[in-house]
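Working through the structure, step by step
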Amino acid sequence: MNNKQLHPVIGSGFIAKKFKKSSNFLRKNNIIVYAAGISNSLEKNRKNLNREISKFLEFYKKTNKRIVYISTYSINDSSRVKNKYVKNKILIEKIIRKKVANYLIIRLPEIVGQNKNPYTLSNFFYNKINNSEEFILYHNTKRNILDIDDAIKNCLKLIKLRKRKNEIVNLLSRKFYTPYQIVKIFEKVLKKKANFTMKKINNSNWHLKNNFYINTKKTYLMKTLKKHYA
């Protein structure tokens, strides 16, 4: 398969589908967005994890275009860095830095949007609260939330701005939230009480550097959850 046969967006998830609306721009600028990967961030099956690595290794050898790899900001979270899903992302980033001549790695936080993936943070909370199921909330951690449309719009802005070769950028909203804060806003959106137990977790240490911030208002999380779940 040569460059002309490769679609400018690799992946079938809801992030990839959103990027595909910009296929003409990507094709015109000789860019391929790689937004494929495992949908379950708690995946432990070694075959599935190895398959993700193998697919990327097969892909990058087929193109000399600029590769924009969609990674995860969880790489910066000390409480999740040992997670097998996150380890895979770290490995793919290492492969890119070593093997790819022209790349941009964009690490995304928790993305909220219309999708059927039960493993996203917002879908997990929504399903648990909506179905009146008990779940665990962790102390001493925080999450960054972006609406899918804001994420894609600003990824494209980064692609246009960052003409320099070979960068890693964290795309974030200005505010971080504890899981408790997110659940409390979900309760208001769904008009339903959540049934949860608080549990301690090792403190999340975030390495805040090389960030590209989206300016968001205080009501951003409420508006985002209402948009997709109300």
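In this text, all values refer to a predicted model and were calculated from it rather than measured experimentally.

1. Brief notes about the overall build of the chain
- Counting secondary structure elements, the chain contains eight helices and 11 strands.
- Computed over the C-alpha atoms, the radius of gyration of the chain is 18 Å, within 12% of the 17 Å expected from 2.2 N^0.38 for a compact globule of 230 residues.
- If you line up the chain on its principal axes, its C-alpha atoms span 55 × 35 × 30 Å.
- Scored against the burial criterion, the 230 residues of the chain give a buried share of 50%.
- For the chain, the accessible area works out to roughly 12,600 Å², and carbon and sulfur atoms hold 49% of it.
- Computed over 52 positive and 13 negative side-chain charges, the separation of the two mean positions in the chain equals 5 Å.

2. Some words on unusual backbone geometry
- A positive phi angle, close to 55°, is found at Ser 132, a residue other than glycine.
- Tracing the sequence through the fold places Ser 132 in the loop between α5 (121–130) and β6 (134–138).
- A positive phi is found at Asn 140, a non-glycine position, where the angle reads about 55°.
- For Asn 140, a relative accessible area of 45% gives the class partly exposed.

3. Section: the side chain of Lys 89
- Mapped onto the secondary structure, Lys 89 falls in helix α4 (residues 84–99).
- Judged by relative accessible area, which is 4%, Lys 89 ranks as buried.
- A distance of 3.2 Å separates the side chain of Lys 89 from the side chain of Glu 52, its partner in a polar contact.
- At 3.5 Å, the side chain of Lys 89 forms a polar contact with the side chain of Tyr 69.
- The contact partners of Lys 89, leaving out residues within four places of it in the chain, are Ala 36, Gly 37, Glu 52, Tyr 69, Ile 70, Ser 71, Thr 72 and Ile 75.

4. Topic: the packing of α5 against helix α7 (residues 179–190)
- Between α5 and α7, the shortest axis-to-axis distance is 10 Å and the interhelical angle comes to 55°. Judged on the interaxial angle alone, α7 and α5 are oblique. Our pair here, α5 against α7, has a crossing hand that is right-handed. Here Leu 121, Ser 122, Phe 125, Tyr 126, Ile 129 and Asn 130 of α5 come into contact with α7, specifically with Pro 179, Ile 182, Val 183, Phe 186 and Leu 190.
- Residue composition of the contact of α5 with α7, grouped by class: nine nonpolar, two polar and no charged.

5. Remarks on the layout of surface pockets
- By volume, the second largest pocket is sized at about 320 Å³.
- Looking at the lining of the second largest pocket element by element, the count peaks at six residues for helix α3 (residues 46–60).

6. Things to note about the sheet that holds strand β9 (residues 176–177)
- The sheet built from three strands is open, its strands ordered β5-β7-β9 with mixed pairing. With partners counted over all chains shown, the strands left at the sheet margins are β5 (110–112) and β9, one partner each.
- Alignment of strand β7 (residues 143–147) against β9, held across two bridges, turns out to be antiparallel. Bridging from a neighbouring strand, Asn 144 pairs with Phe 176 of β9.

What counts, and where the lines are drawn
For every chain, the first residue of the written sequence is number 1, and numbering continues from 1 along that sequence. Selection of residues for local features in this predicted model requires a pLDDT of at least 70, selection of side-chain atom pairs for listing and counting requires 80 or more, and totals for whole chains, interfaces and linings are taken over all residues. Heavy atoms from the whole structure form the basis of all side-chain values; hydrogens and water molecules are not counted. Each helix corresponds to a stretch of at least 4 residues labelled H or I by DSSP, and each strand to a stretch of at least 2 residues labelled E; elements are numbered beginning at the N terminus. Between the two quantities, the radius of gyration covers C-alpha atoms and the globule rule is 2.2 Å times the number of residues to the power 0.38. Buried residues are those whose accessible area, probed at 1.4 Å on protein chains only, stays under 20% of the maximum for their type, while exposed residues exceed 50% and partly exposed ones sit between those limits. Areas reported here follow the Shrake-Rupley algorithm with a probe of radius 1.4 Å; residue values treat only the protein chains shown as occluding. Neither His nor the chain ends contribute to the count of charged residues, in which Lys and Arg are positive and Asp and Glu negative. Taken as the charge centre is NZ of Lys, CZ of Arg, CG of Asp or CD of Glu, depending on the residue. Counted as a polar contact is a pair of N or O atoms within 3.5 Å, where, for protein atoms, one must be capable of donating a hydrogen and the other of accepting one, and residues adjacent in sequence contribute only when both atoms are in side chains. Throughout, a residue-residue contact means that at least one pair of heavy atoms, one from each residue, lies within 4.5 Å. Geometry is summarised by axes, namely lines fitted to C-alpha atoms with helices restricted to the contacting stretch, and by angles between N-to-C directions that run from 0 to 180 degrees. An angle counts as roughly parallel when it lies under 35 degrees, as roughly antiparallel when it exceeds 145, as roughly perpendicular when it falls between 65 and 115, and as oblique in every other case. A clockwise turn of the near helix away from the far one marks a right-handed crossing, whereas an anticlockwise turn of less than a right angle marks a left-handed crossing. Only Asp, Glu, Lys and Arg are considered charged in this grouping, and only Ala, Val, Leu, Ile, Met, Phe, Trp, Tyr, Cys and Pro are considered nonpolar; every other residue, Gly among them, is considered polar. Here the term cavity refers to a set of points on a 1 Å grid, laid over the protein atoms alone, in which a 1.4 Å probe fits but cannot get out; the term pocket refers to an open set having protein on both sides within 12 Å along at least five of seven lines, with lining residues being those that place an atom within 4 Å of a point. Grid points are joined across faces, edges and corners, and a volume is the space filled by probe spheres set on the points. A pair of strands is labelled paired if DSSP reports no fewer than 2 bridges between them.

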